[in-house]
Amino acid sequence: MKICVIGTGYVGLVAGAGFADMGNDVTCCDIDGEKIAALKRGQVPIYEPGLDKLIAHNAQEGRLAFTTELGAAVAGAQVVVLAVGTPPAPDGSADLSYILQAAQTAACALSGWAVLVTKSTVPVGTGDRIEAIVRQHTRHEFAVASNPEFLKEGDAVNDFMKPDRVIIGTSDPRALQTLQALYTPFTRSSDRILVMDRRSAELTKYAANAMLATRISFMNELAVLCDAVGADIELVRKGLGSDARIGAKFLYAGAGFGGSCFPKDLRAVLNTAKQAGTRLEVLAAVEAVNQRQKHLLAERLLKHFGGDLHGRKIAVWGLAFKPGTDDVREAPALVLIEDLLAAGASVAATDPVAISATRKIVGERVQYHASNYQCATGADALALVTEWHDYRRPNFERLHDIMRTPVVVDGRNVWEPAVLRAAGFTYYGIGRGRGAE
Ligand code: NAD
């Protein structure tokens, strides 16, 4: 099958390489010339485990190509995948300018029937808008389907190649047949293709992210209660998650959720509800709890140091919004850094892969270190924000020796309070009972 993927970000690149790996002929397009030039040289512009190998293999086999020439890539394709960004607009709604522009350009280049597949996360009804735009700009027959993507950064290749489910939102028989043929190789062991109307498919993506975000904010709220009443959220989590009706995933209290999806998708679905004349009370609370949570680490440090961080050096371990990615969009570490700088602290930061992405946002206002021990040297306190493997079992004796004062704020509850306290640290966790002392 000939496929054109528009947008070579986390979703488009993984999808393009994944489709090519199943034997399809895929061309990935982007308006970012530098990205495409890098991909043509064999360089992958994002960090995503396994993606470089998948791209190299399929490019070598001649099934995967990269271009800025959208027209040529669309012509002759049966499937045109829209995987461009839908970032938040100032009012919280999803900014659809990129996807509507991409749809228009693709429409102008259609050379015969094709299905335009919306993989980007878009508000309910966007498929109708895309359909109207394409109709204005082509004389060919076409279909527009929704096919939301559920991959998670850090494990995106596995998620794409072995999806829990594939949602196809269309009522067009030819589009359905084409997309079933495209996805059947990914779901061979059991039938995990769910077919529904386009609006329900669009909403399912927001529902999934909103549910996951709700679990996190729920635990963060309980963690505040744990601190207030002297209970340990980690024990509560285990007790709660072992209930088969609840399950153990996404029950970790921490420094709040970030990333390119949860925060923006929450705001977008809240906005959709507002436009539809209704209000999502639970999700409004999920968002408010998360905003508050992102300031918690800085608040702990400020309280510890008597409300003033001038002359204090704070080390920050972990900048990416979660381990396994270099994505820092809406990362809790960025909020912490701004709070610390505003309180007069000097900040040293480290991350295995996200320093360059952070530098683009924060600039040289913090010192960056490749080594986590160098980062902590001379620090008055250390905040762990992203639970990369390297940070889970550090040499605490060494850490104690190199820090100016042994104060740690464990924003992911990966360290044992008793172990840290026995090693001479002042330990603050999230909802660990004595965390608020
Ligand atoms: P991204 O910002 O990493 O990449 C988007 C790409 O689209 C950029 O390279 C940009 O240059 C390109 N682009 C913009 N307009 C274009 C145009 N007119 N023609 C060609 N290229 C264009 O975005 P992403 O993280 O891959 O997310 C893409 C969509 O998928 C979003 O709607 C997002 O919400 C959704 N999504 C993301 C994830 C994730 O984990 N990142 C998971 C599921 C769904």
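A quick note: this is a predicted structure, and the numbers were derived from the prediction, not measured.

Q: Break down the domain arrangement of the chain for me, with residues and values.
A: With domains assigned, the chain is organised as domain 1 (2-194) and domain 2 (197-437). Taken over C-alpha atoms, the centre of domain 1 sits 32 Å from the centre of domain 2. Taken together, the contact pairs 33 residues of domain 1 with 28 residues of domain 2. On the domain 1 side of the contact with domain 2, Tyr47, Val124 and Glu153 bury the most area, a combined 26% of that side's loss. Counting every contact that joins domain 1 to domain 2 gives 3 salt bridges. Run the count over domain 1 and domain 2 and you get 15 residue pairs in polar contact (both at pLDDT 80 or more). Mapped onto the side of domain 1 that touches domain 2, the elements with two or more residues apiece are helix H6 (126-137), strand S6 (142-146) and strand S7 (166-169). Sorting elements by how many residues they give to the side of domain 1 that touches domain 2 places H6 first, with 4 residues. Considered class by class, the residues forming the side of domain 1 that touches domain 2 number 15 nonpolar, 11 polar and 7 charged.

Q: Let's hear about helix H3 (residues 51-60): which residues, and what values?
A: Those residues of H3 that sit buried are Leu51, Leu54, Ile55 and Asn58. The buried side chains of H3 occupy one side of the element, clustering within an arc of 95° when seen end-on. For H3, the exposed residues lying more than 90 degrees away from the buried face are Lys53 and Gln60. Against the buried residues of H3 lie helix H1 (10-21), helix H2 (33-40), strand S3 (64-67) and helix H7 (156-161). Two residues or fewer after H3 comes glycine 62, characterised by a positive phi angle close to 80°.

Q: Outline the environment of leucine 203, listing residues and values.
A: Here leucine 203 is to be found in helix H9 (residues 198-229). Residues leucine 203 and valine 122, 81 residues apart in the sequence, show an inter-C-alpha distance of 8.3 Å.

Q: Hey, could you go over the packing of aromatic side chains for me, with residue numbers and the actual values?
A: A complete count under the given rule lists 12 aromatic pairs for this structure. Look at tryptophan 317 and tyrosine 391: their rings are 5.1 Å apart centre to centre, the planes differ by 40°, and that puts the pair in the tilted class. Taken together, the residues span a long stretch of sequence, with tryptophan 317 in strand S9 (residues 313-317) and tyrosine 391 in the loop between strand S12 (381-384) and helix H17 (396-402) at a distance of 74 residues. By relative accessible area, tryptophan 317 is classed as buried at 0%. Site record: aromatic cluster; members linked through ring pairs are Trp317, Tyr373, Tyr391, Phe396, Trp415 and Phe425. When the ring centre of phenylalanine 150 is taken as origin, the NZ or CZ atom of arginine 165, which lies over that ring, is 3.6 Å away. Here arginine 398 stacks its cationic end above the ring of tyrosine 373, 3.8 Å away from the centre of that ring.

Q: Before we move on, can you summarise the sheet that holds S12 with the specific residues and values?
A: An order of S11-S10-S9-S12-S13-S14 is seen for the 6 strands of this open sheet, with the pairing classed as parallel. In this open sheet, the two edge strands, each paired with only one partner strand, are strand S11 (367-369) and strand S14 (426-428). Each neighbouring strand pair of the sheet contributes to a mean axis angle of 20°, computed without reference to strand direction. For S9 and strand S10 (residues 346-350), the ladder comprises 5 bridges, and the chain directions are parallel. By the bridge assignment, lysine 313 is partnered in S10 with serine 346. Strands S10 and S11 of the sheet are contacted by helix H15 (residues 355-362), whose axis makes an angle of about 175° with S11.

Q: Run through the site of the ligand, naming residues and quoting values.
A: Neighbouring the ligand are 26 residues; Asp30, Lys35, Thr86, Glu153 and Lys264 lie closest to it. Separating an oxygen atom of the ligand from a side-chain N or O atom of threonine 86 is a distance of 2.5 Å. Contact with the protein chains hides 90% of the accessible area of the ligand, taken as 840 Å² for the molecule alone. Looking at the shell around the ligand, the elements with two or more residues in it are H1 and helix H5 (97-109). Here the shell around the ligand is built from residues that sort into 10 nonpolar, 8 polar and 8 charged.

Q: Describe the state of the cysteines, with residues and values.
A: Tallied over the entire structure, the rule returns 0 disulfides. You can see cysteine 29 has no disulfide; the closest cysteine sulfur is in cysteine 4, sitting 3.7 Å from it. A relative accessible area of 1% places cysteine 29 in the buried class.

Q: Can you tell me about H9, naming the residues and giving the values?
A: Relative to the 46 Å expected for 32 residues at 1.5 Å per residue, H9 spans 47 Å between its end C-alpha atoms, a close match to the ideal helical length. Measuring from the side-chain oxygen of the N-cap residue of H9 to the backbone nitrogen of arginine 199 gives 3.2 Å; that N-cap residue is aspartate 197. Looking one or two residues beyond H9, the residue adopting positive phi is glycine 230, at roughly 80°.

Q: Can you lay out the pairing of strand S13 (residues 407-410) for me, pointing to particular residues and giving the numbers?
A: As a general feature of sheets, a regular strand has side chains that alternate between the two faces. Burial of S13 is two-sided: the residues Val407 and Val409 facing one way and the residues Val408 and Asp410 facing the other way are all buried. Bridge count between S13 and S14: 3 bridges; the pairing is parallel. Following the sheet pairing, valine 409 is matched in S14 by tyrosine 428. The parallel pair S13 and S14, bridged by helix H18 (residues 417-422), forms a crossover whose chirality is right-handed.

Thresholds applied
- Note that residues are indexed from 1 along each chain, following the sequence as it is written.
- With the structure being a predicted model, the display of local features is reserved for residues of pLDDT at least 70 and the display and counting of side-chain atom pairs for 80 or more, all residues being used for whole-chain, interface and lining totals.
- Calculation of side-chain values draws on the structure's entire complement of heavy atoms; hydrogens and water are dropped beforehand.
- Segmentation into domains, and thus their bounds, comes from an automatic or database assignment.
- Two residues form a contact once any of their heavy atoms are found within 4.5 Å.
- In this description, buried area is defined as the sum, over both parts, of the accessible area (probe of 1.4 Å) that is lost when the two are combined.
- Any carboxyl oxygen of Asp or Glu that lies within 4 Å of a side-chain nitrogen of Lys or Arg is treated as forming a salt bridge with it.
- For this analysis, a polar contact is any N or O atom pair within 3.5 Å, provided that within protein one partner can donate a hydrogen and the other can accept it, and provided that sequence-adjacent residues contribute only side-chain to side-chain pairs.
- Numbering goes from the N terminus for both helices and strands, where a helix is a DSSP run of H or I of at least four residues and a strand is a run of E of at least two.
- Residue polarity is assigned by list, with Asp, Glu, Lys and Arg as charged and Ala, Val, Leu, Ile, Met, Phe, Trp, Tyr, Cys and Pro as nonpolar; anything else, Gly included, falls into the polar class.
- Think of it in three bands: residues with accessible area under 20% of the maximum for their type are buried, residues over 50% are exposed, and the middle band is partly exposed, with areas taken using a 1.4 Å probe on protein chains only.
- Think of the arc as the fan of directions from the helix axis to the C-beta atoms.
- Aromatic rings from Phe, Tyr and Trp, taking only the six-membered ring of Trp, are treated as a pair when their centres fall within 6.5 Å; an angle between ring planes under 30 degrees marks them as stacked, one over 60 as edge-to-face, and anything in between as tilted.
- We call a charge positioned above a ring when the Lys NZ or Arg CZ atom is no farther than 6 Å from the ring centre and deviates by at most 35 degrees from the ring normal.
- Between any two strands, at least two bridges found by DSSP are needed for them to pair.
- The axes are straight lines fitted to the C-alpha atoms, using for helices just the contacting stretch, and the angles between their N-to-C directions are given from 0 to 180°.
- Near is defined per residue: the residue qualifies when any heavy atom it owns lies within 4 Å of the molecule or strand.
- Each accessible area is a Shrake-Rupley estimate made with a 1.4 Å probe; only the visible protein chains count as cover when residues are assessed.
- Two cysteine sulfurs form a disulfide in these notes if their separation is within 2.5 Å.
- One fewer than the residue count of a helix, multiplied by 1.5 Å, yields its expected span.
- A clockwise path from the first strand over the helix to the second, with the strands pointing away from the viewer, defines a right-handed crossover.

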